[in-house]
Amino acid sequence: MKNMVQHVCIGFVLLFLYAPILILVVYSFTDATMLGAIGGFSFHNYETLFTTEELLGMIKGTLLLAFGVAALSTLLGTIGAIGAFYSKSGTRKIIELANQVPVVNADVVTGFSICILMIALFQVRKETFIPLVIGQTALCAPFVYLSVLPRLKQMDQQLYEAALDLGCTPMKALIKVTIPQIVPGIASGFMTAITLSLDDYFIATYTKPATFDTISTYVVNATRGSQTDIKTALWALSTLIFVAVVGIVVIMNLKNKKCRGRSGK
C-alpha cells in the first residue's frame, strides 16, 4: 500500500510537470491554429520552422550566443572555483558569498543593472553584443562555479600534493592532475550555462541589440503578433528543444552510470 501511494504521488507530480509539454508536442504535429482546436496530423509546423529564414536566423543566433556565453562562463566559473578552493578559509567564504548574489538575485535586476553600467557609465552602444554577453555571463558563471566546486571538494588532494613533490610546478599539477578530476563538473556547468542562456528573457530584453532576438524574446513577441504560422511553428521548435534536452540528459546519465560501473570494478 505504501509503495502504491508513493508511485501515485510521483506519477501525479510527473503528470503535473510534463502534461503541458506533452500537449504542446501533440499539437506540433497537427494543423491546428490554436490550442484547444483539434486538427489533423500534419508536418506543416516543422516545414514552416525549417523553411522560414527569420526563424532559422533567430535559432542560429541564439545557439551561437548560448555556446559563446557558456564557453566564457565555464572558463570564468572554473577559474573562480579553483581559486576559491585553494584560497584561505576567510577568502573562500567571501568569494562563495559574492557568488551567491547573482544566483538568488532577480534576472530583471541583473539585466537592468548591466544595461545601466554598460550604456550609461561606459557609453557602450546597445547595438553591440557586449552588454548582452556580459549580462548572460554574469548570470551563468556563478552556476558553473557551483558545479565545479563540489568536484574539487570530492577529489583526492594527495594527488595534487604528490605531483608537486615529484617536481611539477603548481600550474602543471593543476593542468595534469586537478582539471582531469573535475571534468564532469566542468561539463555539467557548461551544459547548465547553455540552458540558462537559452532560457534567459529579462537580461536579453534589457541588453540585446534592437535587431537581434533570442528564442525567448522572439517567442514572447511572436505571441503578441498575428502571424499564425509563426506561432504554430514555435510549437515545433519547443518540441525539438524538449526532445534534445531529454536526449542529452539520458546520454549523460548513461555515461555516468557506465563510468561508475567501471570504477566499481
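Preceding block: the structure.
Now for a quick tour of the structure. What you see as residue numbers is a count from 1 along each chain, following the sequence as written. At least 70 in pLDDT is required for a residue's local features to be given in this predicted model, at least 80 for side-chain atom pairs to be given and counted, and no such filter applies to totals for whole chains, interfaces and linings, which use all residues. Excluding hydrogens and water, the side-chain values take into account all heavy atoms of the structure.

A look at the overall build of the chain
No. 1: Only DSSP runs of H or I covering at least 4 residues are called helices, and only runs of E covering at least 2 are called strands; the numbering of each starts at the N terminus. Helix and strand counts for the chain stand at twelve helices and zero strands.
No. 2: Secondary structure of the chain in N-to-C order comes out as α-α-α-α-α-α-α-α-α-α-α-α.
No. 3: Its C-alpha atoms put the chain at 70 × 65 × 35 Å along the principal axes.
No. 4: Within the chain, contacts between residues separated by at least 24 positions form 70% of all contacts whose residues are at least 6 apart in sequence.
No. 5: When the accessible surface of the chain is summed, it comes to about 16,200 Å², and 69% of that surface belongs to carbon and sulfur atoms.
No. 6: Note that His is not counted, nor are the chain ends; the positive residues are Lys and Arg, and the negative ones are Asp and Glu. Charge positions are represented by NZ for Lys, CZ for Arg, CG for Asp and CD for Glu. Side-chain charges of the chain comprise 20 positive and 14 negative groups, with the mean position of each set lying 12 Å from the other. Pairs of residues are marked as contacts when any of their non-hydrogen atoms sit within 4.5 Å. With residues, only the protein chains shown are counted as cover, and all accessible areas are computed by Shrake-Rupley using a 1.4 Å probe.

Section: helix 8 (residues 170-181)
No. 1: With twelve residues, helix 8 should cover 16 Å at 1.5 Å per step; its first-to-last C-alpha distance of 16 Å lies within 8% of that length.
No. 2: Three or more residues of helix 8 are buried, namely Ala173, Leu174, Val177 and Thr178. The buried residues of helix 8 all sit within an arc of 120° when viewed along its axis, so they share a single face. Relative to its buried face, helix 8 has exposed residues pointing more than 90 degrees away, namely Met171 and Lys176. Working rule for helices: expected span equals 1.5 Å times residues minus one. When accessible area is computed with a 1.4 Å probe and restricted to protein chains, residues below 20% of their type maximum are described as buried, those above 50% as exposed, and intermediate ones as partly exposed. By definition, the arc is the one covered by directions from the helix axis to the C-beta atoms.

Quick notes on the packing of helix 8 against helix 9 (residues 183-199)
No. 1: Here an axis means a line fitted to C-alpha atoms, over the contact stretch when the element is a helix, while the angle between two N-to-C directions is reported on a 0 to 180 degree scale. Across the interface, helix 8 lies against helix 9 with an axial gap of 4 Å and an inter-helix angle of 60°. Between helix 8 and helix 9, the interaxial angle falls into the category oblique. Residues Ile179, Pro180 and Gln181 of helix 8 form the contact with helix 9, whose own contacting residues are Val183, Pro184 and Ile186.
No. 2: Under the convention adopted here, Pro, Cys and the residues Ala, Val, Leu, Ile, Met, Phe, Trp and Tyr are nonpolar, Asp, Glu, Lys and Arg are charged, and Gly plus all remaining residues are polar. Broken down by class, the residue content of the contact of helix 8 with helix 9 amounts to five nonpolar, one polar and no charged. We call two directions roughly parallel when the angle between them is under 35 degrees, roughly antiparallel when it is over 145, roughly perpendicular when it lies between 65 and 115, and oblique otherwise.

Overview of the packing of aromatic side chains
No. 1: Each Phe, Tyr or Trp ring, with Trp reduced to its six-membered ring, pairs with another whose centre is within 6.5 Å; inter-plane angles below 30 degrees give stacked pairs, above 60 give edge-to-face pairs, and intermediate values give tilted ones. In the structure shown here, the tally under the stated rule is ten aromatic pairs.
No. 2: Look at Phe41 and Phe43: their rings are 5.1 Å apart centre to centre, the planes differ by 85°, and that puts the pair in the edge-to-face class.
No. 3: Its relative accessible area of 64% is what places Phe41 among the exposed residues.
No. 4: Phe43 sits in the partly exposed class, given a relative accessible area of 44%.
No. 5: Judged by centre distance (5.0 Å) and plane angle (80°), the rings of Phe129 and Phe212 are edge-to-face. Of this pair, Phe129 sits in the loop between helix 5 (107-121) and helix 6 (130-154) while Phe212 is found in the loop between helix 10 (202-207) and helix 11 (215-224), placing the two residues 83 residues apart along the sequence.
No. 6: Residue class for Phe129 comes out partly exposed when judged on its relative accessible area of 40%.

Notes on the side chain of Thr62
No. 1: Structurally, the position occupied by Thr62 is in helix 3 (residues 53-85).
No. 2: Within polar-contact distance, the side chain of Thr62 engages the backbone oxygen of Met58 at 2.8 Å.
No. 3: In protein, a polar contact means a hydrogen-donor-capable atom and an acceptor-capable atom, both N or O and within 3.5 Å, with residues adjacent in sequence counting only if both atoms are side-chain atoms; elsewhere, any N or O pair within 3.5 Å suffices. A distance of 3.1 Å separates the side chain of Thr62 from the backbone nitrogen of Ile215, its partner in a polar contact.
No. 4: Those residues in contact with Thr62 that sit more than four places away from it in its chain are Leu198, Phe212, Asp213, Thr214 and Ile215.

Focus on the packing of helix 2 (residues 44-51) against helix 3
No. 1: Contact pair helix 2 / helix 3: the axes reach a minimum separation of 5 Å and the direction vectors enclose 70°. One finds that helix 2 runs roughly perpendicular with respect to helix 3. Taking contact as the criterion, the partners of Thr48, Leu49, Phe50 and Thr51 in helix 2 are, on helix 3, Glu53, Leu55, Leu56 and Ile59.
No. 2: When grouped by side-chain class, the residues that make up the contact of helix 2 with helix 3 number five nonpolar, two polar and one charged.

Some points on the nonpolar core
No. 1: Put simply, a nonpolar core is a bunch of buried Ala, Val, Leu, Ile, Met, Phe, Trp, Tyr and Cys residues held in one set by side-chain atoms that sit within 4.5 Å of each other. Residues Val148, Leu152 and Ile182 are the most contacted members of the largest nonpolar core, which totals 23 residues.
No. 2: Among the secondary structure elements, those contributing two or more residues to this core are helix 3, helix 6 and helix 9.
No. 3: In terms of residues, this core owes the most to one element, helix 3, which gives eight residues.
No. 4: With residues near it in sequence (within four places) discarded, Ile182 still touches Thr78, Ile82, Val148, Arg151, Leu152 and Met155.
No. 5: With 13 residues, the next largest nonpolar core counts Leu49, Ile230, Leu234 and Leu237 among its residues.

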